[in-house]
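Examination of the molecular architecture
These are the residues of each chain, in order.
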Amino acid sequence: MSKNRKQHWILLLACVLMMSPLSACKNSQVGNSASEAKGIPEKIEAVNLAITGYNYTDRYINDFSVNGNSGGNIYVSNPTGGGGGSSCCATYVNGDKAWKVKVEWQIGGCTFDNSVNDDGSLVYSIYPYYKEVEVQIDPQVSNNPKYLEVHFYPDGHIEAAVTENRSAPRMVLEKSREDRTSRLVKCPDGRRPQN
């Protein structure tokens, strides 16, 4: 193989490898033979939505996920902001009005002694506690879906919606309501709980 031809193939391979990660949040087509038998079109458009969190509680949420995909952390929402940024991705099949998602979030944790510093002081680690619920997506879905909004309310319930743009907070609450006391307790016997 000539030197120029070899360089051409190396350049082509490098371009393909660089483009692969960029397509991670693009739309895709999904075929389903069971759907075809029911008269539903063979190709269904699946859209990857950015996950965005809104925290109307009085506590910082250190970690949450939707169907196992991380939504990151969410500060307590204030009058102008939802509390969290956006992360990728939750997959939505266009037209699915009965879509439900599993939302899991950290509600606290316990600390356990992990090691000892050179000066003899204990180093502790955190064992997080999570809560998980299934949430029905609001059936009013945008024609151009881009975001999956997850709204955490003060009474503990969660609502989710598919939108074209990031929404303003649904509740206008004062930032001063934030409770900064620790939700961490000492793990039983100071040891990491067994799963």
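Look a little higher up for the structure.
A brief report on the enclosed structure follows. Position numbers for residues count from 1 along each chain, tracking the sequence in the order it is written. Only residues with pLDDT of 70 or above have their local features reported here, since the model is predicted, and side-chain atom pairs are shown and tallied only from 80 upward, although totals for entire chains, interfaces and linings are computed over all residues. Remark: hydrogens and water are excluded; side-chain values derive from all non-hydrogen atoms of the structure.

**A look at the overall build of the protein chain**
Under the scheme used here, helices are H or I runs from DSSP no shorter than 4 residues and strands are E runs no shorter than 2 residues, and both carry numbers assigned from the N terminus. Looking only at helices and strands, the protein chain features two helices and ten strands. Put simply, the protein chain runs from its N terminus to its C terminus through helices and strands in the order α-β-α-β-β-β-β-β-β-β-β-β. Put simply, the protein chain has 195 residues, and 31% of those count as buried. By the convention used here, residues are in contact when the closest approach between their heavy atoms is within 4.5 Å. When contacts within the protein chain are restricted to residue pairs at least 6 apart in sequence, long-range pairs at least 24 apart make up 58% of them. When accessible area is computed with a 1.4 Å probe and restricted to protein chains, residues below 20% of their type maximum are described as buried, those above 50% as exposed, and intermediate ones as partly exposed.

**A look at the nonpolar core**
Nonpolar cores are built from buried Ala, Val, Leu, Ile, Met, Phe, Trp, Tyr and Cys residues. Side-chain atoms within 4.5 Å join them into one set. Phe64, Val66, Trp99, Val103, Leu148 and Phe152 are the most contacted members of the largest nonpolar core, which totals 22 residues. Looking at this core, the elements with two or more residues in it are β2 (43-55), β3 (61-66), β5 (83-93), β6 (100-116), β8 (147-152) and β9 (158-163). With residues near it in sequence (within four places) discarded, Trp99 still touches Leu49, Ala90, Thr91, Tyr92, Val135, Gln136, Ile137, Leu148 and Val162.

**A look at the packing of aromatic side chains**
Two measures describe an aromatic ring pair: the distance that separates the ring centres and the angle between the ring planes. For Phe, Tyr and Trp, rings pair up if their centres lie within 6.5 Å, where Trp contributes its six-membered ring, and each pair is then called stacked (planes under 30 degrees apart), edge-to-face (over 60) or tilted (otherwise). With the rule as written, the count across this model stands at six aromatic pairs. Seen from their ring centres, Trp105 and Phe152 are 5.4 Å apart, and the 70° between their planes marks the pair as edge-to-face. Of this pair, Trp105 sits in strand β6 while Phe152 is found in strand β8, placing the two residues 47 residues apart along the sequence. The same class applies to Trp105 and to Phe152, which are both buried. Three or more aromatic residues joined by ring pairs form one cluster here, namely Phe64, Trp105 and Phe152.

**What to know about the environment of Tyr153**
Residue placement: Tyr153 occurs in the loop between β8 and β9. Looking at Tyr153, the relative accessible area reads 11%, which means it is buried. If we ignore the near neighbours within four places in the chain, the residues touching Tyr153 are Tyr56, Thr57, Glu159, Arg170 and Met171.

**Regarding the state of the cysteines**
Only a pair of cysteine sulfur atoms within 2.5 Å counts as a disulfide in this structure description. Applying the stated criterion across every chain yields a total of two disulfides. Paired by a disulfide, Cys88 and Cys89 hold their sulfur atoms 1.4 Å apart. The disulfide joining Cys88 to Cys89 has a torsion of about -50° about its S-S bond and is therefore left-handed. Between the sulfur atoms of Cys110 and its disulfide partner Cys187 the distance amounts to 1.9 Å.

**So, the environment of Val93**
With respect to the secondary-structure elements, Val93 resides in strand β5. Sequence spacing of Val93 and Ala46 is 47 residues, and the spatial spacing of their C-alpha atoms is 4.3 Å.

**Section: the pattern of salt bridges**
Opposite charge on two side chains allows them to pair when their charged atoms are near. A pair is scored as a salt bridge if a Lys or Arg side-chain nitrogen falls within 4 Å of a carboxyl oxygen belonging to Asp or Glu. Inspection of every chain in the model, using the stated rule, returns four salt bridges. With a shortest N-O distance of 3.4 Å, Arg59 and Asp179 are connected by a salt bridge. Of this pair, Arg59 sits in the loop between β2 and β3 while Asp179 sits in the loop between β9 and β10 (184-186), and the two are 120 residues apart along the sequence. Accessibility expressed as a relative area gives 27% for Asp179, which makes it partly exposed.

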